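Chain residues, written in single-letter form:
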Amino acid sequence: MPTGGSHPRAGRSPFPPIADYGFLSDCEVCALVAPSGNVEWMCLPRMDGPSIFAAMLDRGAGTFRLGPADVVVPAGRRYLPGTMALETTWATPGGWAVVRDVLLIGPWRHQDRRSDTYHRVPEDHAAERVLLRTVQCLNGAIDFVLECEPAFDYGRKRGTWHHTGSGYGRAEARLGDEPQFRLTTDMNLGFEGPRAIARRRLQAGEQVFCALSWDDGSPPETFDEAHQRLFRTTDFWHEWISRGDFPDHRWRGYLERSALTLKGLIYAPTGALMAAATTSLPETLGGERNYDYRYTWLRDSTFMLWGLFTLGFDREANDFFYFITDVAEGHDDLQIMYGIGGERELTEQTLDHLSGYDGAGPVRIGNGAWDQRQHDVWGVLLDSVYLHTQSRDGLDERRWPMLVCQVEAAIEQWKDPDQGLWEVRGPAQHFTASKVLSWVAADRGAKLAEMRGDPDHARNWRKAADEIHADVCANGLDERGVFCQHYGTNALDASLLLIPLLGFLPPDDPRVRATVLAIADELTEDELVLRYQVAETDDGFEGEEGSFTICSFWLVSALTEIGEVERARALCDKLLSYASPLALYAEEIDPHSGRHLGNFPQAFSHLALINAVMHLIREDEGGTATVPPGLNLRPEAAAVAPDEPGPAPVT
C-alpha cells in the first residue's frame, strides 16, 4: 500500500530519473513508461482523471510491467521515428527482444452513437481506448513476465481480478461489482491478490501481446491483429507529422518531437492543451513546490498558437483557439486556467497517503491558483485572437462582444496589483510583465477593432494602450534602465524576456538590450535561467528551485532579437543537449547536474523550444522564415504607431 510521508533514501533511489520516462498518448489519455517497462503513471477515463497506476508518486500506488524476468535496464529505447510508439530493446544473458508500447488510434468510430465528449469538429481518427504492448523475441530464449497491479483513485483503492470468457487470456479488474478495465493477452493470466500475473518463456521468433482496454475500447484478439493495429496507429502519426512544415535543418528532429509531444498533450474532444501530463513531480528534490499541471493555462495559448501555426498545424491551433474562446465567452470573469473539459473550479487538495516522487511531498491534485488574479490573461487571450485572425473574414462576429468585454476588463483593472505570471502565493504586486500583457490586450484589441472597421473602440483602446505603455516605462525600470520584476524593486524576472517577443518595444531599444543582458548575466546559473531569485520574491514557499526550461529558451529568442546570435546559438545547443534520452523536457533543469525536475513532459518547455529554434533557423536562412502576426519572431516596429515617437529611453 502507499506510504505517507518521506521514506528513507538509503542507497540508490527506486524512482527512475524524471527524464527517463517515455510518454504515450492517444489524445484522450496518456501514460508514462519507466525504462524497466513499468507503466508508472496513467489516469482514466481522461488525462486528468484519477490514476490507476501512480508508482512515480509512490512505489506502492500501482504499476503495469511487461519485460524480462531478470533484467530491468534495457539495451536501448526510442520512439519509432515520427510516432508516439515507444520501442524498448532488451538484451539478456539468454537473448534479445523488442517491446513496443502504444496507445492505439484508429478510424473515427462514433457513427452509430454520437460521442458525448467531443466538442470540436470530429476528426477522421479517434482514440481506441486501448494500451497495447507487444513483444518479439529476436534470438535466444527469454523469460518474460507481465505484472499488472492497479491502485485506483490515486492509490486509495485496490481492485479484484476475474477471468472472463473461456481460458486464461482475458481478465477484468473490478472495484466491487464495477468493471474498471480489461486485460487481453495470448499469455496465461493468473492472480495473486490485487495483481494479475503471466509468465512465458519466449524462443527466437516467438511473439506475444497484451492489451489494456477501458470503456468501449475493443482490444485485439491475436498477435497478428495487435501488430496490424499498432502499425495502423504509427501510420496515423506519420500522416499527422507529414502535414507539418519543418525546415531542413540539423534541429529538425527536436521540432518534430516537440510537435508530437504537444499533439499528445492536447485533449482532442475539446482541443484543450494540458500543461503537462503529471502532477506533483517536484521542482526541487525533497521540496514542496509540487503542483498539478493537468489543466490548461490561458498563458500557454499565445505560444501554442504561434508554435502550431509556424509549423503548419492549423487544425490543432484552431481547435485550441475555439476552446479558449468558448471558456472566455461563457463568463465575464476570465480565469487563468481551466480543466481540459472547460471546468472552472479546480479545488486543490493534498494526498497525504502518497509519499511523493523520491519522498518529495506533498502530492497535490487540483490547483489552488485557479482563482488567482493574474492580469496576463487578457493579453494572452487577445494575442491569441490576433494570431488567429489574419483578416476581417477571420474575425468571428459572434465572439466580438466577448472580446470587447475582455479588453475593457483589462483597461479597467491593469492598475491593480496581481499575483503575476508565476502565480506567486505571496502578496499581490504591480508585476511588470502583467502590465505589459495588459498593454497587449489593449494593443491587440485596437488592431482588431481597426480590422473590423470599428474606429471608436480602436481609438479608445489605442489611447489606453499608450497610457499603459508609458506607465510601464516610467515605473518598471531601475536606475540602470533595466525592467524589473515589479514596481518598486530592482529584482529581475525572466518573464521580462517577453518584452521584445510581444512587440512592447523593438529589440534595438537600449532598455530591451539592457534587460536581456542583465537577465543573461545575473539571473542564471551555469547559463540556465531562473524565473527569479527566490530570496528576493515572496512566492509563499521555502527552498530553492531549478532553472526554468521555458525561460532559458526565451533567453535564446531574446538574445537573437537583440543581435547576440552566436551567444543565442551556443545556449540553444547547450539546452538541446539537456533533452531527455527521448528528446522530451520537464519543467526545470538543474543547472549543475542537468537533471530534469518538475512535471513531465511540459508543454511550455516544448513551445519555447520551437520559438527559440525557429528564431535561430530564421537567422540561418537570412530572415526569410514565415512569421505569423502577433507573437513576432522579429517585431518590425515598436508598440506605438509608426508615425509616433516611442517613449524616450530612461538614462
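Just so we're clear, the structure is a prediction, and the values are computed from it rather than from any experiment. (Residues numbered from 1 in each chain as written. Predicted model: local features only at pLDDT ≥ 70, side-chain atom pairs only at ≥ 80, totals over all residues. Heavy atoms only, no water.)

### Some remarks on the overall build of the protein chain
Next, step 1: Of the regular secondary structure elements, the protein chain holds 14 helices and 26 strands.
Next, step 2: Considering only residue pairs separated by 6 or more positions, the protein chain has 67% of its internal contacts joining residues 24 or more positions apart.
Next, step 3: For the protein chain, the computed accessible surface area is about 23100 Å², with 47% contributed by carbon and sulfur atoms. (Helix = DSSP H or I, 4+ residues; strand = E, 2+ residues; numbered from the N terminus. Contact = heavy atoms within 4.5 Å. Areas by Shrake-Rupley, 256 points an atom, 1.4 Å probe, with all protein chains shown as cover.)

### Comments concerning the sheet that holds strand 26 (residues 596-597)
Next, step 1: With respect to topology, 3 strands assemble into an open sheet ordered 24-25-26, the strand pairing being antiparallel. Each of the sheet's edge strands pairs with one partner strand only, and the pair in question is strand 24 (547-548) and strand 26.
Next, step 2: In this structure, strand 25 (residues 588-589) lies alongside strand 26, joined through 2 bridges in antiparallel fashion. Across the sheet, residue I589 finds its bridge partner in strand 26, namely H596. (Pairing = 2+ DSSP bridges.)

### With respect to the packing of aromatic side chains
Next, step 1: The tally for this structure, following the rule as stated, stands at 23 aromatic pairs.
Next, step 2: Their ring planes at 35 degrees and their centres at 5.9 Å tell us that F53 and F64 sit as a pair that is tilted. Placement of the pair is F53 in strand 4 (residues 51-53) and F64 in strand 5 (residues 63-68), with a sequence separation of 11 residues.
Next, step 3: For F53, a relative accessible area of 0% corresponds to the buried category.
Next, step 4: Aromatic side chains W237 and W240 sit 6.3 Å apart centroid to centroid with 80 degrees between the ring planes, which places their arrangement in the edge-to-face category. Residue W237 and its partner W240 are both found in helix 2 (residues 223-242); the two are separated by 3 residues, about one turn of the helix. (Phe/Tyr/Trp six-rings, centres within 6.5 Å; stacked < 30°, edge-to-face > 60°. Buried < 20%, exposed > 50% of the residue type's maximum accessible area, 1.4 Å probe, protein only.)

### Quick look at the side chain of T560
Next, step 1: By the element assignment, T560 lies in helix 12 (residues 549-561).
Next, step 2: Separated by 2.8 Å, the side chain of T560 and the backbone oxygen of V556 make a polar contact. (Polar contact = N/O pair within 3.5 Å; in protein donor to acceptor, adjacent residues only side chain to side chain.)

### Points about the pairing of strand 12 (residues 178-185)
Next, step 1: Bridge count for strand 11 (residues 170-175) against strand 12 is 6 bridges, and the pairing is antiparallel. Note on strand 12: the bridge partner recorded for R174 is P179.
Next, step 2: Taken together, strand 11 and the strand that follows it, strand 12, pair antiparallel across an intervening segment of 2 residues, in which G176 is found at a positive phi of about 65 degrees.
Next, step 3: Both strand 12 and strand 15 (residues 207-213) contribute to a ladder of 4 bridges, which runs antiparallel. Across the sheet, the residue bridging to T185 is C210, located in strand 15.

### Thoughts on the environment of A277
Next, step 1: By the secondary structure assignment, A277 is in the loop between strand 17 (272-273) and strand 18 (296-297).
Next, step 2: Overall, the relative accessible area of 0% leaves A277 in the buried class.
Next, step 3: For A277, the residues in contact, after removing those within four places along its chain, are F23, C30, L32, W41, L265, R294, F600 and P601.

### Concerning the packing of helix 4 (residues 299-311) against helix 14 (residues 603-620)
Next, step 1: The interhelical angle for the contact between helix 4 and helix 14, taken along N-to-C directions, is 50 degrees, at an axis separation of 9 Å. With respect to each other, helix 4 and helix 14 are oriented oblique. Here the hand of the crossing between helix 4 and helix 14 comes out left-handed. Of helix 14, the residues touching helix 4 (which contributes R299, D300, F303, M304, W306, G307, T310 and L311) are F604, L607, I610, N611 and M614.
Next, step 2: Along the lines of polarity and charge, the residues of the contact of helix 4 with helix 14 split into 8 nonpolar, 3 polar and 2 charged. (Axes fitted to C-alpha atoms, helices over the stretch in contact; angles between N-to-C directions. Parallel < 35°, antiparallel > 145°, perpendicular 65-115°, else oblique. Left-handed = near helix turned anticlockwise from the far one by under 90°. Nonpolar A, V, L, I, M, F, W, Y, C, P; charged D, E, K, R; others polar.)

### What to know about the environment of W251
Next, step 1: Its location among the elements puts W251 in the loop between helix 2 and helix 3 (252-264).
Next, step 2: Classification of W251 by relative accessible area gives buried; the value is 3%.
Next, step 3: W251 sits 366 residues away from I617 along the chain, and the two C-alpha atoms are 8.7 Å apart.
Next, step 4: Residues within four places of W251 in sequence aside, it is in contact with R569, C572, D573, L576, V613, L616 and I617.

### Here we look at the packing of helix 6 (residues 376-388) against helix 8 (residues 432-452)
Next, step 1: Between helix 6 and helix 8, the least distance of the axes is 7 Å, while the angle of their chain directions is 30 degrees. Where helix 6 crosses over helix 8, the two elements pack in a sense that is left-handed. The segment helix 6 lies against helix 8, with D376, W378, G379, V380, L382, D383, V385 and Y386 engaging L437, V440, A441, R444, G445, K447, L448 and M451.
Next, step 2: Here the residues of the contact of helix 6 with helix 8 are counted per class, giving 10 nonpolar, 2 polar and 4 charged.

### Thoughts on the confidence of the model for the protein chain
Next, step 1: Looking at the protein chain as a whole, the pLDDT averages 88, with 89% of positions reaching at least 70.
Next, step 2: Counted against residues more than four places away or in other chains, residues 1-11, with its pLDDT under 50, gives 24 contacts. (pLDDT = per-residue confidence, 0-100.)

### Regarding the environment of L305
Next, step 1: Turning to its location among the elements, L305 is positioned in helix 4.
Next, step 2: Sequence separation between L305 and F321 is 16 residues, and the spatial gap between their C-alpha atoms is 7.6 Å.
Next, step 3: Residues in contact with L305, not counting those within four places in the same chain, are A317, F320, F321, S384, L387 and H388.

### Some remarks on the nonpolar core
Next, step 1: M42, F64, L146, F181, L183 and W554 are the most contacted members of the largest nonpolar core, which totals 210 residues.
Next, step 2: Here the element with the most residues in this core is helix 14; it accounts for 11 residues.
Next, step 3: Other than its neighbours up to four places away in sequence, L183 contacts F64, L146, C148, W161, G169, R170, A171, L189, A196, C210, A211 and L212.
Next, step 4: The next biggest cluster of nonpolar side chains, apart from the first, holds 11 residues, and it includes L80, V102, V130 and F223. (Core = buried A, V, L, I, M, F, W, Y, C linked by side-chain atoms within 4.5 Å.)

### Points about the side chain of S605
Next, step 1: Mapping S605 onto the fold places it in helix 14.
Next, step 2: The exposure class assigned to S605 is buried, which follows from its relative accessible area of 1%.
Next, step 3: From its side chain, S605 meets the backbone oxygen of A586 in a polar contact 2.8 Å long.
Next, step 4: With near-sequence residues (within four places) excluded, S605 lies in contact with T549, I550, F553, Y585, A586 and E587.

### A word on unusual backbone geometry
Next, step 1: With an omega of 5 degrees, the peptide bond running from L44 to P45 counts as cis.
Next, step 2: Mapped onto the elements, P45 comes out in the loop between strand 3 (38-43) and strand 4.
Next, step 3: Cis rather than trans, the peptide bond between F600 and P601 has omega equal to -20 degrees.
Next, step 4: Tracing the chain through its elements places P601 in the loop between strand 26 and helix 14.

### With respect to the pairing of strand 8 (residues 95-107)
Next, step 1: Burial within strand 8 is extensive, with 11 of its 13 residues counted as buried.
Next, step 2: As paired elements, strand 7 (residues 86-92) and strand 8 share 7 bridges and run antiparallel to each other. From the neighbouring strand, W90 faces strand 8, where its bridge partner is A97.
Next, step 3: Hairpin connection, strand 7 to strand 8: the antiparallel pair is bridged by 2 residues.

### Quick look at helix 2
What sets the pattern is the α-helix's 3.6 residues per turn: residues three or four places apart point alike.
Next, step 1: Across its 20 residues, helix 2 extends 28 Å between first and last C-alpha, which sits within 8% of the 28 Å expected from 1.5 Å per residue.
Next, step 2: Within the span of helix 2, buried status applies to F223, A226, R229, L230, T233, T234, F236, W237, W240 and I241. Projected onto a plane normal to the axis of helix 2, the buried residues spread over an arc of 145 degrees and lie on a single side. Across from the buried face of helix 2, at angles greater than 90 degrees, the exposed residues are D224, Q228 and S242. (Expected span 1.5 Å × (residues − 1). Arc of directions from axis to C-beta.)

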